[in-house]
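# Per-entry structural report
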Amino acid sequence: MIEISNLSFRYREGAEPILYGIDLAIPDGSFVGITGAAGSGKSTLTYAFNGIIPHCYPGDFYGSVTIDGLDTCEASLTDISRLVGSVCQDIDSQMVSSVVEDEVLYGLENFGVPKDQVEGRIAEALEAMGISDLRHRGIAELSGGQKQKVAVASVIALKPRVLVLDEPTAELDPASSLAVFELLARYARENGTTVIVVEQKIALLSDFADMLLIVDGGKVRFQGAPAEVLEHSDELLEVGVNCPRSTSLVNRLRARGLVDAPAARNVDEAVGVCKRVLSGEGASA
Ligand SMILES: Nc1ncnc2c1ncn2[C@@H]1O[C@H](COP(=O)(O)OP(=O)(O)OP(=O)(O)O)[C@@H](O)[C@H]1O
């Protein structure tokens, strides 16, 4: 369980706090999607989960963040990193090796994983990300999507309880973005790992997350299951989050009393709702 209580944070160099009064409870095994406008504080919020604030970026930190009971202010960054694995926005800056296998090995060696477990961990992590065939390839020869999967594999090889990813699909095409999310979701389901992912594409997040957090001006403006959050498509637009048209359409039908249905996350769900409206069953569901 991750618990954040009344968290506020101001970077030492900053005039104003970047996070304000955040309260969150994230059950184990959740898939949490974070989105919001540029500069709203999403990355800073991820730094609260992995201890980068206050350990690497000092500042005024109020409130508390606990991961499985470990208070991130009191614990060392090393102890936090045994629980929380992170993949940052700039993948190239995270890579330390020139060959895929060595990249995964690096973290295992740093964590002092017993030698007899190393081979199994590398093979499992590469398999989980669907990149066993890339094991001996040079990192410089990989595509953006392949590098992304290597970065995730390097972190999951360490078997963290929580995986934090900051815009893992920022440079990927829609098909590769979907593939990364599918692999992540399957891995998390099979291992009970909590996944926290920052992502601009709310439609993609909504298909995978069981909790969405909408960050606006350093506050969590909306939180809940995707269907609950997407009901607020007009307010989301005001804070820079553009919902799919299928979502807005169903919300308009509901606002006019034409249908009593949860917000649609995608075209398929909206088609189902429209069929009900056209058949005259809309308001009775
Ligand atoms: N190390 C830092 N020191 C001072 N201010 C910072 C630091 N890092 C980020 N900020 C400021 O905090 C605010 C929020 O930045 P943050 O990166 O958390 O937002 P974001 O929502 O992730 O943005 P983006 O979508 O553009 O990545 C910005 O105004 C930024 O300038």
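The chain carries the name Energy-coupling factor ABC transporter ATP-binding protein in an unreviewed UniProt entry, which gives Senegalimassilia anaerobia as its organism. The annotation that UniProt attaches to the chain under Subcellular location (unreviewed entry) is "Cell membrane". Regarding the chain, the UniProt comment filed under Sequence similarities (unreviewed entry) reads as follows: "Belongs to the ABC transporter superfamily."

### Here's the deal with the UniProt feature "domain: ABC transporter" (unreviewed entry) in the chain
With numbering matched to this structure, UniProt assigns "domain: ABC transporter" (unreviewed entry) to residues 2-242. Annotation note: span residues 2-242, helix share 41%, strand share 25%, distance between end C-alpha atoms 28 Å.

### Notes on the packing of helix H7 (residues 144-156) against helix H8 (residues 174-191)
The interhelical angle for the contact between H7 and H8, taken along N-to-C directions, is 15°, at an axis separation of 10 Å. The orientation of H7 relative to H8 falls into the category roughly parallel. Where H7 crosses over H8, the two elements pack in a sense that is right-handed. Taking contact as the criterion, the partners of Gly 145, Gln 148, Lys 149, Val 152 and Ile 156 in H7 are, on H8, Ser 176, Val 180, Leu 184 and Tyr 187. Looking at the contact of H7 with H8 residue by residue, the classes come out as five nonpolar, three polar and one charged.

### Structural notes on the sheet that holds strand S5 (residues 70-71)
Pairing is antiparallel in the open sheet, where four strands are placed in the order S2-S1-S4-S5. Since the sheet does not close on itself, it has two edges, and those belong to strand S2 (19-26) and S5, each with one partner. Bridging between strand S1 (residues 2-11) and S2 involves five bridges; their strand directions are antiparallel. Bridge assignment links Leu 7 to a residue of S2, and that residue is Ile 22.

### Concerning the pairing of strand S7 (residues 162-166)
Taking burial as the measure, the five residues of S7 include five buried ones, the bulk of the element. Of the pairings in the sheet, the one linking strand S6 (residues 84-87) to S7 comprises four bridges and is parallel in character. By the bridge assignment, Gly 85 is partnered in S7 with Leu 163. Pairing analysis gives five bridges linking S7 to strand S8 (residues 194-198), with the strands arranged parallel.

What counts, and at which threshold
- Residues numbered from 1 in each chain as written.
- Predicted model: local features only at pLDDT ≥ 70, side-chain atom pairs only at ≥ 80, totals over all residues.
- UniProt positions renumbered as here; feature names shortened; annotations may be inferred.
- Helix = DSSP H or I, 4+ residues; strand = E, 2+ residues; numbered from the N terminus.
- Axes fitted to C-alpha atoms, helices over the stretch in contact; angles between N-to-C directions.
- Parallel < 35°, antiparallel > 145°, perpendicular 65-115°, else oblique.
- Left-handed = near helix turned anticlockwise from the far one by under 90°.
- Contact = placed C-beta atoms within 7 Å.
- Nonpolar A, V, L, I, M, F, W, Y, C, P; charged D, E, K, R; others polar.
- Pairing = 2+ DSSP bridges.
- Buried ≥ 20, exposed ≤ 12 C-beta atoms within 10 Å, placed from the backbone.

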